[in-house]
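Spelled out from the first residue to the last, the chains are:
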Amino acid sequence: GDVYKRQMNNIVIPQRFRLMCNNLYENYDCIVKYDTDIENKHFIGNKENRSCRFCNRNQRETKFRKEAHAISNLIGNNRLFSYYECDECNGVLFTQFESHFSNYMRLRHCVSQIHGKNGIPSYKNRVEDFSRIDIKDMISVAQKEDEDAIVNFDRERHIIHFSGKRTYKPSMVYKCLLKMALTIIPEEELPNVQNAMDYLMGRKKYMCKLPVLYRQYGGIHPFGKPICFLYKRKEKRIKENVPQYLFMIAYGNFVFQLYIPFCDNDKFLQGKDCNFIFIPTPEDITQIPIKELLDLSSDDRVEKEEYGIDFSFGSYEKKDLTININDK
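### Some remarks on the layout of surface pockets
- Space inside the largest pocket adds up to approximately 770 Å³.
- Along its surface, the largest pocket is lined by 31 residues, and Lys 209, Pro 211, Tyr 259, Leu 269 and Cys 274 are the ones closest to its centre.
- Considering each element in turn, the lining of the largest pocket owes the most residues, 3 residues, to strand β13 (residues 290–295).
- Residues of the lining of the largest pocket, tallied by class, amount to 18 nonpolar, 6 polar and 7 charged.
- In this structure, the second largest pocket is lined by 18 residues; those nearest its centre are Lys 124, Asn 125, Arg 126, Val 127 and Lys 165.
- Of all the elements in the fold, those that place two or more residues in the lining of the second largest pocket are α2 (87–111), β8 (159–168) and β14 (302–311).
- The leading source of residues in the lining of the second largest pocket is β8, at 3 residues.
- Within the lining of the second largest pocket, the residues separate by chemical class into 3 nonpolar, 4 polar and 11 charged.

### Concerning α2
- In the structure, α2 departs most strongly from a straight axis at Met 105, where the bend amounts to approximately 65°.
- Once α2 finishes, Gln 113 follows within two positions and takes phi at roughly 60°, a positive value.

### Section: the packing of aromatic side chains
- Under the counting rule described, the total for this entry stands at 16 aromatic pairs.
- On the basis of an interplanar angle of 15° and a centroid distance of 4.7 Å, the ring pair of Phe 43 and Tyr 83 is categorised as stacked. Residue Phe 43 is located in strand β2 (residues 42–44), and its partner Tyr 83 is located in the loop between β4 (80–82) and α2; the two are separated by 40 residues in the primary sequence.
- Judged by relative accessible area, which is 23%, Phe 43 ranks as partly exposed.
- For Tyr 83, a relative accessible area of 16% puts it in the buried group.

### Notes on the pattern of salt bridges
- If you walk through the whole model with that rule in mind, you get 16 salt bridges.
- The closest approach of N and O atoms between Lys 179 and Glu 85, which form a salt bridge, is 2.8 Å. Remark: Glu 85 occurs in the loop between β4 and α2 and Lys 179 occurs in helix α3 (residues 170–184); sequence separation between them is 94 residues.
- Lys 232 is the salt-bridge partner of Glu 189, the closest N and O atoms lying 3.0 Å from each other. With a gap of 43 residues between them, Glu 189 in the loop between α3 and α4 (194–200) and Lys 232 in strand β10 (residues 223–233) connect regions that are remote in the sequence.

### Some details on the sheet that holds strand β7 (residues 151–154)
- With respect to topology, 3 strands assemble into an open sheet ordered β7-β8-β14, the strand pairing being antiparallel. The sheet is open, and its two borders are formed by β7 and β14, each paired with just one other strand. Taking the axes of each pair of neighbouring strands and ignoring which way they run, one obtains an average angle of 25° across the sheet.
- The pairing of β7 with β8 spans 4 bridges and is antiparallel.

### Examining helix α1 (residues 15–25)
- Every buried residue of α1 is listed here: Phe 17, Met 20, Cys 21, Asn 23 and Leu 24. The buried residues of α1 occupy an angular sector of 160° when projected down its axis, which confines them to one face.
- In the core, the buried residues of α1 are packed alongside β1 (28–35), β10 and β11 (245–252).

### Quick notes on the side chain of Ser 131
- As for its position among the elements, Ser 131 is in the loop between α2 and β5 (132–135).
- At 2.8 Å, the side chain of Ser 131 and the backbone nitrogen of Lys 144 are in polar contact.
- At 2.9 Å, the side chain of Ser 131 forms a polar contact with the side chain of Glu 147.
- Leaving out residues up to four positions away in the same chain, Ser 131 has contacts with Tyr 123, Lys 124, Ala 142, Gln 143, Lys 144, Glu 147 and Ile 150.

### Remarks on the confidence of the model for the chain
- For the chain, per-residue confidence averages 88 on the pLDDT scale, and residues scoring 70 or more make up 92% of the total.
- Contacts of residues 1–7 to residues separated by more than four positions or lying in other chains number 17 contacts, the stretch itself having pLDDT below 50.
- The low-confidence segment residues 314–328, where pLDDT is below 50, has 43 contacts with residues more than four positions distant or belonging to other chains.

### So, the sheet that holds strand β9 (residues 211–216)
- The antiparallel open sheet is built from 6 strands, whose spatial order is β1-β10-β11-β12-β9-β13. Edge positions in the sheet fall to β1 and β13, since each has one partner strand and no second. Going across the sheet, the axis of each strand differs from the next one's by a mean of 15°, ignoring polarity.

### Structural notes on the side chain of Asn 241
- For Asn 241, the position within the fold is in the loop between β10 and β11.
- Looking at Asn 241, the relative accessible area reads 18%, which means it is buried.
- Setting aside residues no more than four positions away along its own chain, Asn 241 makes contact with Phe 268, Leu 269, Lys 272, Asp 273, Cys 274 and Asn 275.

Here is what the cut-offs are and how they apply
Residues numbered from 1 in each chain as written. Predicted model: local features only at pLDDT ≥ 70, side-chain atom pairs only at ≥ 80, totals over all residues. Heavy atoms only, no water. 1 Å grid on protein atoms, 1.4 Å probe; cavity = no way out; pocket = protein on both sides within 12 Å on 5 of 7 lines; lining within 4 Å. Points joined across faces, edges and corners; volume = space filled by probe spheres on them. Helix = DSSP H or I, 4+ residues; strand = E, 2+ residues; numbered from the N terminus. Nonpolar A, V, L, I, M, F, W, Y, C, P; charged D, E, K, R; others polar. Bend = angle between axes of the 7 residues up to and from the residue. Phe/Tyr/Trp six-rings, centres within 6.5 Å; stacked < 30°, edge-to-face > 60°. Buried < 20%, exposed > 50% of the residue type's maximum accessible area, 1.4 Å probe, protein only. Salt bridge = Lys/Arg side-chain N within 4 Å of Asp/Glu carboxyl O. Pairing = 2+ DSSP bridges. Axes fitted to C-alpha atoms, helices over the stretch in contact; angles between N-to-C directions. Arc of directions from axis to C-beta. Contact = heavy atoms within 4.5 Å. Polar contact = N/O pair within 3.5 Å; in protein donor to acceptor, adjacent residues only side chain to side chain. pLDDT = per-residue confidence, 0-100.

Given below as C-alpha coordinates:
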(Lines give C-alpha, C1' and ligand atoms only; values in the text may rest on other atoms or scores of the structure.)
Protein backbone atom coordinates (compact mmCIF):
# COMPACT_ATOMS: atom_id res chain seq x y z
CA GLY A 1 0.00 0.00 0.00
CA ASP A 2 0.95 3.67 -0.14
CA VAL A 3 1.96 3.66 3.53
CA TYR A 4 5.13 1.77 2.63
CA LYS A 5 6.18 4.54 0.20
CA ARG A 6 7.88 1.97 -1.96
CA GLN A 7 8.27 2.18 -5.73
CA MET A 8 6.96 -1.08 -7.20
CA ASN A 9 7.40 -0.21 -10.88
CA ASN A 10 9.13 -2.87 -12.98
CA ILE A 11 9.12 -5.37 -10.09
CA VAL A 12 7.83 -8.82 -10.97
CA ILE A 13 5.35 -9.96 -8.33
CA PRO A 14 6.03 -13.66 -7.57
CA GLN A 15 3.13 -16.09 -7.40
CA ARG A 16 3.96 -16.96 -3.79
CA PHE A 17 3.39 -13.33 -2.75
CA ARG A 18 0.09 -13.17 -4.64
CA LEU A 19 -1.08 -16.29 -2.82
CA MET A 20 -0.14 -14.80 0.55
CA CYS A 21 -2.12 -11.65 -0.22
CA ASN A 22 -5.11 -13.65 -1.44
CA ASN A 23 -5.01 -15.78 1.70
CA LEU A 24 -5.07 -12.68 3.89
CA TYR A 25 -7.78 -10.73 2.07
CA GLU A 26 -10.05 -13.73 1.57
CA ASN A 27 -10.23 -14.02 5.35
CA TYR A 28 -9.67 -10.51 6.74
CA ASP A 29 -10.44 -6.84 6.23
CA CYS A 30 -7.93 -4.18 7.26
CA ILE A 31 -9.71 -1.91 9.76
CA VAL A 32 -6.75 0.18 10.98
CA LYS A 33 -3.41 1.24 9.53
CA TYR A 34 -1.04 3.90 10.79
CA ASP A 35 2.22 5.10 9.28
CA THR A 36 4.32 7.15 11.71
CA ASP A 37 6.46 8.62 8.91
CA ILE A 38 4.45 11.85 8.94
CA GLU A 39 5.38 15.50 9.40
CA ASN A 40 3.10 16.42 12.32
CA LYS A 41 1.90 14.65 15.46
CA HIS A 42 -1.31 12.67 15.12
CA PHE A 43 -3.56 11.87 18.09
CA ILE A 44 -6.04 8.99 18.18
CA GLY A 45 -9.28 9.59 20.06
CA ASN A 46 -11.19 12.56 21.41
CA LYS A 47 -9.42 15.20 23.49
CA GLU A 48 -12.66 16.18 25.23
CA ASN A 49 -14.24 14.12 28.02
CA ARG A 50 -11.20 11.89 28.23
CA SER A 51 -11.38 8.41 29.71
CA CYS A 52 -8.61 5.79 29.97
CA ARG A 53 -9.56 2.70 28.00
CA PHE A 54 -7.16 0.60 30.08
CA CYS A 55 -8.19 1.41 33.69
CA ASN A 56 -11.63 2.92 32.83
CA ARG A 57 -11.07 6.10 34.86
CA ASN A 58 -12.08 9.54 33.61
CA GLN A 59 -10.69 13.06 33.99
CA ARG A 60 -12.22 13.47 37.44
CA GLU A 61 -10.50 10.31 38.71
CA THR A 62 -7.04 10.49 37.15
CA LYS A 63 -4.74 12.78 35.15
CA PHE A 64 -4.10 13.03 31.39
CA ARG A 65 -1.18 15.48 31.30
CA LYS A 66 1.40 13.37 29.44
CA GLU A 67 1.49 12.68 25.72
CA ALA A 68 0.85 8.94 25.51
CA HIS A 69 2.58 7.14 22.62
CA ALA A 70 0.14 4.90 20.77
CA ILE A 71 3.11 2.91 19.46
CA SER A 72 6.17 2.67 21.69
CA ASN A 73 8.85 5.31 21.18
CA LEU A 74 11.40 2.54 21.83
CA ILE A 75 10.96 1.57 18.18
CA GLY A 76 11.08 5.06 16.71
CA ASN A 77 7.55 6.46 17.05
CA ASN A 78 7.45 10.16 17.87
CA ARG A 79 4.37 11.06 15.81
CA LEU A 80 1.45 8.78 16.80
CA PHE A 81 -0.20 9.42 20.20
CA SER A 82 -3.51 8.67 21.90
CA TYR A 83 -5.88 10.72 24.07
CA TYR A 84 -7.27 7.73 25.99
CA GLU A 85 -4.34 6.66 28.15
CA CYS A 86 -3.98 8.15 31.62
CA ASP A 87 -0.68 9.21 33.17
CA GLU A 88 -0.71 6.39 35.72
CA CYS A 89 -1.14 3.61 33.15
CA ASN A 90 1.34 5.36 30.86
CA GLY A 91 3.85 5.51 33.71
CA VAL A 92 4.60 2.60 35.99
CA LEU A 93 2.73 -0.30 34.37
CA PHE A 94 3.39 0.29 30.69
CA THR A 95 6.97 1.36 31.40
CA GLN A 96 7.54 -2.11 32.85
CA PHE A 97 6.29 -3.71 29.64
CA GLU A 98 8.61 -1.54 27.55
CA SER A 99 11.57 -2.29 29.81
CA HIS A 100 11.25 -6.03 29.16
CA PHE A 101 10.75 -5.47 25.43
CA SER A 102 13.83 -3.24 25.40
CA ASN A 103 15.89 -5.95 27.13
CA TYR A 104 14.55 -8.52 24.68
CA MET A 105 15.52 -6.53 21.57
CA ARG A 106 18.39 -4.31 22.77
CA LEU A 107 21.23 -5.99 20.85
CA ARG A 108 19.20 -6.12 17.65
CA HIS A 109 18.04 -2.52 18.10
CA CYS A 110 21.63 -1.42 18.67
CA VAL A 111 23.15 -3.18 15.68
CA SER A 112 20.21 -2.28 13.39
CA GLN A 113 20.38 1.36 14.54
CA ILE A 114 16.81 1.73 15.79
CA HIS A 115 16.33 5.25 17.15
CA GLY A 116 14.46 4.89 20.44
CA LYS A 117 13.47 7.45 23.06
CA ASN A 118 17.15 8.24 23.79
CA GLY A 119 18.62 7.64 20.35
CA ILE A 120 20.29 4.42 19.23
CA PRO A 121 20.83 2.22 22.31
CA SER A 122 24.28 1.00 23.26
CA TYR A 123 24.70 -2.64 24.16
CA LYS A 124 26.43 -4.52 27.00
CA ASN A 125 25.90 -8.06 28.24
CA ARG A 126 26.01 -6.77 31.81
CA VAL A 127 26.09 -3.28 33.29
CA GLU A 128 29.47 -3.93 34.90
CA ASP A 129 31.10 -5.21 31.68
CA PHE A 130 33.69 -3.20 29.76
CA SER A 131 32.82 -4.80 26.40
CA ARG A 132 30.15 -2.84 24.55
CA ILE A 133 28.73 -1.83 21.18
CA ASP A 134 28.04 1.81 20.33
CA ILE A 135 26.57 3.30 17.18
CA LYS A 136 27.36 6.89 16.21
CA ASP A 137 28.74 7.65 12.77
CA MET A 138 29.87 4.02 12.61
CA ILE A 139 29.69 0.80 14.63
CA SER A 140 32.17 0.99 17.50
CA VAL A 141 33.04 -2.19 19.44
CA ALA A 142 35.10 -2.28 22.62
CA GLN A 143 35.86 -5.84 23.70
CA LYS A 144 37.81 -7.12 26.71
CA GLU A 145 39.63 -10.43 26.45
CA ASP A 146 38.37 -11.91 29.73
CA GLU A 147 34.71 -11.15 28.95
CA ASP A 148 32.34 -13.01 26.63
CA ALA A 149 32.95 -12.02 23.01
CA ILE A 150 30.12 -9.91 21.64
CA VAL A 151 31.48 -9.73 18.07
CA ASN A 152 32.95 -12.55 15.99
CA PHE A 153 34.16 -12.47 12.39
CA ASP A 154 33.61 -15.40 10.03
CA ARG A 155 36.00 -14.41 7.26
CA GLU A 156 35.30 -17.49 5.16
CA ARG A 157 31.58 -16.75 4.94
CA HIS A 158 32.01 -12.95 5.17
CA ILE A 159 29.69 -12.74 8.17
CA ILE A 160 29.91 -10.65 11.31
CA HIS A 161 28.11 -12.26 14.23
CA PHE A 162 26.97 -10.10 17.14
CA SER A 163 26.12 -12.18 20.21
CA GLY A 164 24.56 -11.17 23.49
CA LYS A 165 22.56 -12.22 26.52
CA ARG A 166 19.16 -10.99 27.61
CA THR A 167 17.04 -11.21 30.76
CA TYR A 168 13.29 -10.68 30.47
CA LYS A 169 9.83 -12.05 31.22
CA PRO A 170 8.16 -13.38 28.04
CA SER A 171 4.66 -12.33 29.14
CA MET A 172 5.85 -8.74 29.67
CA VAL A 173 7.32 -8.65 26.16
CA TYR A 174 3.98 -9.94 24.87
CA LYS A 175 2.05 -7.33 26.82
CA CYS A 176 4.17 -4.56 25.30
CA LEU A 177 3.04 -5.70 21.84
CA LEU A 178 -0.54 -6.37 22.93
CA LYS A 179 -0.79 -2.90 24.48
CA MET A 180 -0.01 -1.35 21.09
CA ALA A 181 -2.72 -3.47 19.43
CA LEU A 182 -5.29 -2.49 22.06
CA THR A 183 -4.32 1.16 21.70
CA ILE A 184 -5.02 1.40 17.97
CA ILE A 185 -8.17 -0.75 17.91
CA PRO A 186 -11.27 1.37 17.17
CA GLU A 187 -13.54 2.19 20.08
CA GLU A 188 -16.48 0.27 18.61
CA GLU A 189 -14.38 -2.93 18.72
CA LEU A 190 -13.48 -2.63 22.43
CA PRO A 191 -16.33 -4.84 23.74
CA ASN A 192 -14.88 -7.72 21.69
CA VAL A 193 -11.43 -7.47 23.30
CA GLN A 194 -12.35 -6.91 26.95
CA ASN A 195 -10.76 -10.21 28.05
CA ALA A 196 -7.48 -9.24 26.40
CA MET A 197 -7.69 -5.84 28.10
CA ASP A 198 -8.24 -7.53 31.48
CA TYR A 199 -5.24 -9.81 30.85
CA LEU A 200 -3.07 -6.83 29.91
CA MET A 201 -3.98 -5.00 33.11
CA GLY A 202 -3.60 -8.06 35.36
CA ARG A 203 -7.31 -8.29 36.17
CA LYS A 204 -7.49 -11.82 34.69
CA LYS A 205 -5.01 -14.64 34.15
CA TYR A 206 -5.06 -17.26 31.42
CA MET A 207 -3.05 -20.44 30.98
CA CYS A 208 -2.45 -20.88 27.26
CA LYS A 209 0.10 -20.29 24.55
CA LEU A 210 0.47 -16.73 23.28
CA PRO A 211 2.07 -17.04 19.83
CA VAL A 212 3.94 -14.20 18.15
CA LEU A 213 5.45 -14.40 14.68
CA TYR A 214 8.82 -12.64 14.60
CA ARG A 215 10.39 -11.75 11.26
CA GLN A 216 13.75 -10.21 10.44
CA TYR A 217 14.51 -8.68 7.03
CA GLY A 218 17.75 -7.64 5.39
CA GLY A 219 18.77 -4.27 4.01
CA ILE A 220 19.00 -0.81 5.51
CA HIS A 221 15.75 -0.17 7.38
CA PRO A 222 13.20 -1.55 4.89
CA PHE A 223 10.58 -0.20 7.33
CA GLY A 224 12.00 3.24 8.04
CA LYS A 225 9.43 4.35 10.64
CA PRO A 226 6.97 2.15 12.55
CA ILE A 227 3.93 1.00 10.58
CA CYS A 228 1.06 -0.88 12.19
CA PHE A 229 -2.00 -2.71 10.91
CA LEU A 230 -5.06 -4.31 12.47
CA TYR A 231 -7.16 -6.82 10.56
CA LYS A 232 -10.62 -8.15 11.42
CA ARG A 233 -12.01 -11.52 10.37
CA LYS A 234 -14.60 -11.47 7.59
CA GLU A 235 -18.05 -12.86 8.24
CA LYS A 236 -17.76 -14.86 5.01
CA ARG A 237 -14.25 -16.21 4.95
CA ILE A 238 -12.46 -18.99 3.11
CA LYS A 239 -10.83 -20.56 6.16
CA GLU A 240 -12.96 -21.53 9.14
CA ASN A 241 -10.58 -21.52 12.11
CA VAL A 242 -9.06 -18.04 12.00
CA PRO A 243 -8.91 -15.65 15.00
CA GLN A 244 -10.96 -12.47 14.97
CA TYR A 245 -8.16 -9.87 15.01
CA LEU A 246 -4.62 -9.83 13.62
CA PHE A 247 -2.12 -7.12 14.57
CA MET A 248 1.23 -6.37 12.92
CA ILE A 249 3.93 -3.83 13.76
CA ALA A 250 6.86 -3.30 11.38
CA TYR A 251 9.89 -1.08 12.04
CA GLY A 252 13.53 -1.01 10.98
CA ASN A 253 14.35 -4.59 10.01
CA PHE A 254 11.77 -6.23 12.25
CA VAL A 255 8.13 -7.35 12.14
CA PHE A 256 6.01 -8.71 14.97
CA GLN A 257 2.61 -10.25 14.33
CA LEU A 258 0.05 -11.57 16.81
CA TYR A 259 -3.66 -12.12 17.15
CA ILE A 260 -5.60 -10.47 19.97
CA PRO A 261 -6.25 -13.33 22.42
CA PHE A 262 -9.21 -14.40 24.57
CA CYS A 263 -11.93 -12.86 22.36
CA ASP A 264 -15.42 -14.19 23.13
CA ASN A 265 -16.01 -14.48 19.39
CA ASP A 266 -13.06 -16.91 19.20
CA LYS A 267 -14.41 -19.41 21.74
CA PHE A 268 -15.31 -21.78 18.90
CA LEU A 269 -11.56 -22.16 18.26
CA GLN A 270 -10.92 -23.85 21.61
CA GLY A 271 -9.54 -27.34 21.06
CA LYS A 272 -9.09 -26.75 17.33
CA ASP A 273 -6.10 -26.06 15.12
CA CYS A 274 -5.98 -22.30 14.61
CA ASN A 275 -5.00 -20.88 11.21
CA PHE A 276 -2.58 -18.04 12.00
CA ILE A 277 -2.68 -16.15 8.68
CA PHE A 278 0.63 -14.62 7.55
CA ILE A 279 0.46 -10.85 6.90
CA PRO A 280 2.80 -10.12 3.97
CA THR A 281 4.70 -6.88 3.44
CA PRO A 282 6.19 -5.51 0.20
CA GLU A 283 9.56 -6.84 1.41
CA ASP A 284 8.20 -10.37 1.00
CA ILE A 285 8.19 -9.78 -2.76
CA THR A 286 11.98 -9.79 -2.93
CA GLN A 287 13.09 -11.34 0.39
CA ILE A 288 12.58 -14.50 2.38
CA PRO A 289 12.93 -13.25 5.95
CA ILE A 290 14.19 -15.08 8.99
CA LYS A 291 11.06 -16.30 10.77
CA GLU A 292 10.50 -17.55 14.29
CA LEU A 293 7.27 -18.50 16.02
CA LEU A 294 7.57 -17.38 19.64
CA ASP A 295 5.52 -18.45 22.64
CA LEU A 296 5.57 -15.47 25.03
CA SER A 297 3.06 -16.77 27.57
CA SER A 298 5.38 -17.54 30.48
CA ASP A 299 5.55 -15.31 33.55
CA ASP A 300 8.87 -16.90 34.55
CA ARG A 301 11.95 -14.72 34.29
CA VAL A 302 14.41 -15.80 31.58
CA GLU A 303 17.97 -15.20 32.75
CA LYS A 304 20.90 -14.47 30.44
CA GLU A 305 19.42 -16.09 27.35
CA GLU A 306 21.95 -16.17 24.52
CA TYR A 307 20.91 -14.71 21.18
CA GLY A 308 22.49 -12.94 18.25
CA ILE A 309 22.26 -11.27 14.89
CA ASP A 310 24.34 -11.90 11.75
CA PHE A 311 25.41 -9.42 9.10
CA SER A 312 26.88 -10.19 5.71
CA PHE A 313 27.60 -7.67 2.96
CA GLY A 314 24.41 -5.66 3.14
CA SER A 315 22.05 -8.43 4.18
CA TYR A 316 21.18 -10.76 7.01
CA GLU A 317 22.11 -14.38 6.90
CA LYS A 318 19.25 -16.46 5.51
CA LYS A 319 18.19 -19.41 7.68
CA ASP A 320 15.67 -22.12 7.02
CA LEU A 321 13.24 -22.23 9.95
CA THR A 322 10.21 -24.49 10.05
CA ILE A 323 7.24 -22.89 11.79
CA ASN A 324 3.51 -23.48 11.90
CA ILE A 325 2.49 -20.37 9.98
CA ASN A 326 -0.01 -20.26 7.14
CA ASP A 327 1.82 -18.03 4.66
CA LYS A 328 0.73 -19.58 1.39
